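# Understanding the architecture of this molecule
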Amino acid sequence: MYVIFAIMLGLLVPYCIRVAVGPSVWDRLLGVNLISSKIIIIIILYSSLNDLPFLLDFAIFYALSGFIGTIFIALFFSDRDTKKGLGDRK
Amino acid sequence: MSILAYIVMGIGVAFMLLGVIGIFKPGKDFYYRILVACKIDTVGLLTLGIGLAIYHGISFFTGKMFLIVIMILVLNPFVAHIVARSASRSGYDSIGDSTDVDESAGEK
(Lines give C-alpha, C1' and ligand atoms only; values in the text may rest on other atoms or scores of the structure.)
Protein backbone atom coordinates (compact mmCIF):
# COMPACT_ATOMS: atom_id res chain seq x y z
CA MET A 1 0.00 0.00 0.00
CA TYR A 2 2.88 2.37 0.80
CA VAL A 3 4.32 1.66 -2.64
CA ILE A 4 1.10 2.86 -4.28
CA PHE A 5 1.15 5.91 -2.04
CA ALA A 6 4.71 6.71 -3.14
CA ILE A 7 3.82 6.15 -6.82
CA MET A 8 0.92 8.56 -6.50
CA LEU A 9 3.19 11.21 -4.99
CA GLY A 10 5.67 10.60 -7.77
CA LEU A 11 2.91 10.97 -10.36
CA LEU A 12 2.27 14.56 -9.32
CA VAL A 13 5.55 15.69 -10.90
CA PRO A 14 4.67 15.00 -14.56
CA TYR A 15 1.32 16.70 -14.11
CA CYS A 16 3.04 19.80 -12.67
CA ILE A 17 5.35 19.73 -15.69
CA ARG A 18 2.25 19.52 -17.88
CA VAL A 19 0.85 22.60 -16.16
CA ALA A 20 4.14 24.48 -16.54
CA VAL A 21 4.77 23.46 -20.16
CA GLY A 22 1.19 23.47 -21.42
CA PRO A 23 1.08 25.75 -24.50
CA SER A 24 -2.38 27.09 -23.77
CA VAL A 25 -4.69 27.89 -20.90
CA TRP A 26 -6.71 24.74 -21.44
CA ASP A 27 -3.64 22.52 -21.13
CA ARG A 28 -2.94 24.12 -17.79
CA LEU A 29 -6.53 23.65 -16.78
CA LEU A 30 -6.23 20.01 -17.71
CA GLY A 31 -3.09 19.71 -15.58
CA VAL A 32 -4.80 21.32 -12.60
CA ASN A 33 -7.75 18.97 -12.95
CA LEU A 34 -5.38 16.00 -13.01
CA ILE A 35 -3.46 17.22 -9.99
CA SER A 36 -6.64 17.68 -7.99
CA SER A 37 -7.79 14.15 -8.74
CA LYS A 38 -4.37 12.80 -7.79
CA ILE A 39 -4.64 14.65 -4.49
CA ILE A 40 -7.99 12.99 -3.92
CA ILE A 41 -6.34 9.61 -4.39
CA ILE A 42 -3.57 10.58 -1.98
CA ILE A 43 -6.12 11.59 0.66
CA ILE A 44 -7.98 8.31 0.20
CA LEU A 45 -4.82 6.25 0.46
CA TYR A 46 -3.65 8.17 3.49
CA SER A 47 -6.94 7.63 5.26
CA SER A 48 -6.82 3.94 4.35
CA LEU A 49 -3.27 3.47 5.58
CA ASN A 50 -3.79 5.15 8.96
CA ASP A 51 -7.35 3.90 9.44
CA LEU A 52 -8.87 7.36 9.65
CA PRO A 53 -12.27 6.96 7.94
CA PHE A 54 -13.32 10.55 8.62
CA LEU A 55 -10.68 11.80 6.15
CA LEU A 56 -12.83 10.54 3.29
CA ASP A 57 -15.28 13.39 3.89
CA PHE A 58 -12.48 15.80 3.10
CA ALA A 59 -11.77 13.86 -0.09
CA ILE A 60 -15.44 14.15 -1.12
CA PHE A 61 -15.55 17.85 -0.38
CA TYR A 62 -12.24 18.52 -2.06
CA ALA A 63 -13.33 16.60 -5.17
CA LEU A 64 -16.52 18.66 -5.46
CA SER A 65 -14.87 22.02 -4.93
CA GLY A 66 -11.97 21.14 -7.23
CA PHE A 67 -14.30 20.22 -10.04
CA ILE A 68 -16.50 23.26 -9.56
CA GLY A 69 -13.45 25.52 -9.63
CA THR A 70 -12.21 23.92 -12.84
CA ILE A 71 -15.64 24.25 -14.44
CA PHE A 72 -15.89 27.97 -13.83
CA ILE A 73 -12.33 28.65 -14.91
CA ALA A 74 -13.04 26.77 -18.15
CA LEU A 75 -16.24 28.75 -18.68
CA PHE A 76 -14.34 31.97 -18.06
CA PHE A 77 -11.91 31.16 -20.84
CA SER A 78 -14.45 29.94 -23.36
CA ASP A 79 -15.75 32.04 -26.30
CA ARG A 80 -12.45 33.89 -26.41
CA ASP A 81 -10.71 34.43 -29.75
CA THR A 82 -7.24 33.11 -28.99
CA LYS A 83 -5.69 35.14 -31.83
CA LYS A 84 -6.71 38.44 -30.23
CA GLY A 85 -5.79 37.22 -26.77
CA LEU A 86 -8.44 38.58 -24.38
CA GLY A 87 -11.17 38.87 -27.04
CA ASP A 88 -14.49 40.11 -25.76
CA ARG A 89 -17.32 37.66 -25.22
CA LYS A 90 -19.09 36.93 -28.48
CA MET B 1 -9.15 -11.21 0.10
CA SER B 2 -6.39 -8.62 0.40
CA ILE B 3 -4.50 -10.32 -2.43
CA LEU B 4 -7.45 -9.56 -4.70
CA ALA B 5 -7.45 -5.97 -3.46
CA TYR B 6 -3.77 -5.60 -4.24
CA ILE B 7 -4.26 -7.02 -7.73
CA VAL B 8 -7.05 -4.55 -8.48
CA MET B 9 -5.02 -1.67 -7.10
CA GLY B 10 -2.01 -2.79 -9.13
CA ILE B 11 -4.08 -2.64 -12.30
CA GLY B 12 -5.21 0.88 -11.39
CA VAL B 13 -1.69 2.09 -10.78
CA ALA B 14 -0.52 0.46 -14.01
CA PHE B 15 -3.20 2.35 -15.92
CA MET B 16 -2.13 5.62 -14.38
CA LEU B 17 1.54 5.12 -15.15
CA LEU B 18 0.74 4.24 -18.75
CA GLY B 19 -1.58 7.21 -19.00
CA VAL B 20 1.21 9.62 -18.21
CA ILE B 21 2.87 8.60 -21.46
CA GLY B 22 -0.29 9.51 -23.34
CA ILE B 23 -0.22 13.02 -21.93
CA PHE B 24 3.32 13.73 -23.03
CA LYS B 25 3.08 12.22 -26.51
CA PRO B 26 4.69 14.63 -29.01
CA GLY B 27 2.84 15.53 -32.18
CA LYS B 28 -0.63 15.11 -30.62
CA ASP B 29 -3.00 18.01 -30.21
CA PHE B 30 -4.81 19.14 -27.10
CA TYR B 31 -7.93 17.05 -27.69
CA TYR B 32 -5.94 13.83 -27.70
CA ARG B 33 -4.35 14.79 -24.40
CA ILE B 34 -7.57 15.65 -22.66
CA LEU B 35 -9.15 12.41 -23.84
CA VAL B 36 -6.30 10.37 -22.41
CA ALA B 37 -6.12 12.39 -19.22
CA CYS B 38 -9.80 12.08 -18.46
CA LYS B 39 -9.76 8.35 -19.06
CA ILE B 40 -6.78 7.51 -16.90
CA ASP B 41 -8.15 9.71 -14.14
CA THR B 42 -11.48 7.99 -13.99
CA VAL B 43 -10.15 4.48 -14.49
CA GLY B 44 -7.35 4.96 -11.97
CA LEU B 45 -9.60 6.28 -9.27
CA LEU B 46 -12.24 3.67 -10.03
CA THR B 47 -9.93 0.68 -9.73
CA LEU B 48 -8.12 2.09 -6.69
CA GLY B 49 -11.44 2.79 -5.03
CA ILE B 50 -12.76 -0.69 -5.68
CA GLY B 51 -9.47 -2.19 -4.54
CA LEU B 52 -9.62 -0.26 -1.28
CA ALA B 53 -13.27 -1.17 -0.82
CA ILE B 54 -12.39 -4.86 -1.18
CA TYR B 55 -9.46 -4.43 1.17
CA HIS B 56 -11.62 -2.90 3.91
CA GLY B 57 -14.55 -5.26 3.53
CA ILE B 58 -17.96 -4.13 4.83
CA SER B 59 -17.43 -0.95 6.86
CA PHE B 60 -18.03 2.78 6.86
CA PHE B 61 -14.87 3.16 4.83
CA THR B 62 -16.33 1.10 2.00
CA GLY B 63 -19.55 3.08 2.09
CA LYS B 64 -17.77 6.41 1.76
CA MET B 65 -15.46 4.94 -0.84
CA PHE B 66 -18.47 3.82 -2.86
CA LEU B 67 -19.86 7.36 -2.71
CA ILE B 68 -16.55 8.86 -3.88
CA VAL B 69 -16.21 6.38 -6.74
CA ILE B 70 -19.73 7.09 -7.99
CA MET B 71 -19.20 10.85 -7.70
CA ILE B 72 -15.91 10.80 -9.55
CA LEU B 73 -17.39 8.53 -12.20
CA VAL B 74 -20.03 11.15 -12.92
CA LEU B 75 -18.04 14.34 -12.42
CA ASN B 76 -14.75 13.64 -14.11
CA PRO B 77 -15.99 13.22 -17.70
CA PHE B 78 -18.31 16.16 -17.14
CA VAL B 79 -15.41 18.47 -16.29
CA ALA B 80 -13.26 17.16 -19.13
CA HIS B 81 -16.14 17.82 -21.52
CA ILE B 82 -16.48 21.41 -20.33
CA VAL B 83 -12.77 22.08 -20.67
CA ALA B 84 -12.67 20.56 -24.16
CA ARG B 85 -15.82 22.46 -25.16
CA SER B 86 -14.44 25.77 -23.97
CA ALA B 87 -11.25 25.05 -25.89
CA SER B 88 -13.04 24.11 -29.10
CA ARG B 89 -15.43 27.10 -28.90
CA SER B 90 -12.47 29.41 -28.63
CA GLY B 91 -11.03 27.86 -31.77
CA TYR B 92 -7.95 26.48 -30.05
CA ASP B 93 -6.05 23.86 -32.06
CA SER B 94 -9.13 23.12 -34.14
CA ILE B 95 -9.01 19.53 -35.24
CA GLY B 96 -9.97 19.42 -38.90
CA ASP B 97 -9.06 22.68 -40.64
CA SER B 98 -11.03 21.40 -43.60
CA THR B 99 -14.35 22.05 -41.85
CA ASP B 100 -13.88 25.82 -41.54
CA VAL B 101 -17.58 26.25 -40.89
CA ASP B 102 -17.88 26.57 -37.13
CA GLU B 103 -21.19 24.77 -36.57
CA SER B 104 -21.40 25.74 -32.94
CA ALA B 105 -21.03 29.44 -33.77
CA GLY B 106 -24.67 29.58 -34.90
CA GLU B 107 -26.46 28.47 -31.78
CA LYS B 108 -25.83 31.11 -29.17
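Before any of the text, the structure's been laid out above.
So, here is what we can say about the structure in this document.

Analysis parameters
- Per-chain numbering applies: the sequence of each chain, read as written, is numbered from 1 onward.
- Lettering of chains starts at A and numbering of ligands starts at 1, both following the order in which they are written.
- This being a predicted model, a pLDDT of at least 70 is required before a residue's local features are given, and a value of 80 or more before pairs of side-chain atoms are given or counted; all residues contribute to the totals for chains, interfaces and linings.
- Water and hydrogen atoms were dropped before computing side-chain values, which therefore reflect all heavy atoms in the structure.
- Whether two residues are in contact is decided by their heavy atoms, any of which lying within 4.5 Å being enough.
- Here the buried area means the combined drop in accessible surface, using a 1.4 Å probe, for two parts upon being joined, counting both sides.
- We define a salt bridge as a side-chain nitrogen of Lys or Arg found within 4 Å of a carboxyl oxygen belonging to Asp or Glu.
- N or O atoms closer than or at 3.5 Å make up a polar contact, with two conditions inside protein: a donor-capable atom paired with an acceptor-capable one, and, for residues adjacent in sequence, both atoms drawn from side chains.
- Helix and strand definitions here come from DSSP, where helices need a minimum of 4 consecutive H or I residues and strands a minimum of 2 consecutive E residues; each element is numbered from the N-terminal end.
- Expected span, for any helix, means 1.5 Å times one less than how many residues it has.
- For patch building, the residue pool is restricted to those with more than 30% relative accessible area and no salt bridge; the joining distance is 9 Å between like charges and 5 Å between nonpolar side chains (Val, Leu, Ile, Met, Phe, Trp, Tyr).
- Per-residue and other accessible areas follow the Shrake-Rupley method at a 1.4 Å probe size, with only the shown protein chains counted as cover for residues.
- Burial status follows relative accessibility: with a 1.4 Å probe on protein chains alone, a residue under 20% of its type maximum counts as buried, one over 50% as exposed, and anything between as partly exposed.
- Nonpolar cores were defined as sets of buried Ala, Val, Leu, Ile, Met, Phe, Trp, Tyr and Cys residues, with membership established by side-chain atoms within 4.5 Å.
- Every axis corresponds to a line fitted to the C-alpha atoms, with the helix fit spanning only the stretch in contact, and the corresponding angles, defined between N-to-C directions, vary from 0 to 180 degrees.
- When describing relative orientation, an angle under 35 degrees is termed roughly parallel and one over 145 degrees roughly antiparallel, while 65 to 115 degrees is termed roughly perpendicular and anything else oblique.
- Under the convention adopted here, Pro, Cys and the residues Ala, Val, Leu, Ile, Met, Phe, Trp and Tyr are nonpolar, Asp, Glu, Lys and Arg are charged, and Gly plus all remaining residues are polar.

### Notes on the interface of chain A and chain B
In this assembly, 46 residues from chain A lie in contact with 39 residues from chain B. Contact between chain A and chain B buries roughly 3,800 Å² in total, counting both sides, with carbon and sulfur atoms accounting for 77%. Viewed at the interface, chain B and chain A are joined by three salt bridges. For Asp41 of chain B, the salt bridge goes to Lys38 of chain A, with nearest N and O atoms at 3.1 Å. Scanning the region where chain A abuts chain B turns up nine residue pairs in polar contact (both at pLDDT 80 or more). Going through the elements one at a time, helix 1 (2-21), helix 2 (25-49) and helix 3 (55-77) of chain A are the ones with two or more residues in the side of chain A that touches chain B.

### Structural notes on helix 3 of chain A
Helix length check: helix 3 of chain A, at 23 residues, gives a terminal C-alpha distance of 33 Å against a target of 33 Å (1.5 Å per residue), a fit within 8%. Lining the buried residues of helix 3 of chain A we find helix 2 of chain A together with helix 3 (60-89) of chain B.

### Focus on a nonpolar patch on the surface
A contiguous nonpolar surface patch, about 340 Å² in accessible area, is contributed by Val13, Ile17 and Val21 of chain A together with Phe24 of chain B. Among the structural elements, Val21 of chain A can be located in helix 1. Looking at Val21 of chain A, the relative accessible area reads 54%, which means it is exposed.

### Some details on the side chain of Asn76 of chain B
Its place among the elements puts Asn76 of chain B in helix 3. Setting aside residues up to four positions removed in sequence, Asn76 of chain B forms contacts with Asn33 and Phe67 of chain A together with Cys38, Asp41 and Thr42 of chain B.

### A look at the pattern of salt bridges
Inspection of the entire model under this criterion finds three salt bridges over all chains. One salt bridge connects Arg33 of chain B with Asp27 of chain A, and the closest N-O pair in it is separated by 3.0 Å. In this pair, Arg33 of chain B is assigned in helix 2 (residues 30-56) and Asp27 of chain A in helix 2, connecting two distinct chains. Residue Arg33 of chain B is classed as buried on the basis of its relative accessible area, which comes to 7%. In this structure, Asp57 of chain A and Lys64 of chain B form a salt bridge, with 3.5 Å as the shortest nitrogen-oxygen distance. You can see Asp57 of chain A sitting in helix 3 and its partner Lys64 of chain B sitting in helix 3, one on each of two chains.

### A closer look at the nonpolar core
The biggest cluster of nonpolar side chains holds 56 residues, and the ones touching the most others in it are Met8 and Ile44 of chain A together with Phe30 of chain B. Looking at this core, the element that brings in the most residues is helix 3 of chain B, giving 13 residues.

### Examining helix 1 of chain A
The first and last C-alpha atoms of helix 1 of chain A sit 30 Å apart over 20 residues, in line with the 28 Å expected at 1.5 Å per residue. Turning to helix 1 of chain A, its buried residues are Ile4, Phe5, Met8, Leu11, Leu12, Pro14, Tyr15 and Arg18 of chain A. Those residues of helix 1 of chain A that are buried lie in contact with helix 2 of chain A together with helix 1 (2-23) and helix 2 of chain B.

### Description of the packing of helix 2 of chain B against helix 3 of chain B
Residue and element names in this part refer to chain B. Two numbers describe how helix 2 lies on helix 3: the axes approach to 9 Å, and their chain directions differ by 180 degrees. Accordingly, the angle class assigned to the pair helix 2 and helix 3 is roughly antiparallel. Residue classes in the contact of helix 2 with helix 3 are distributed as 19 nonpolar, six polar and one charged.

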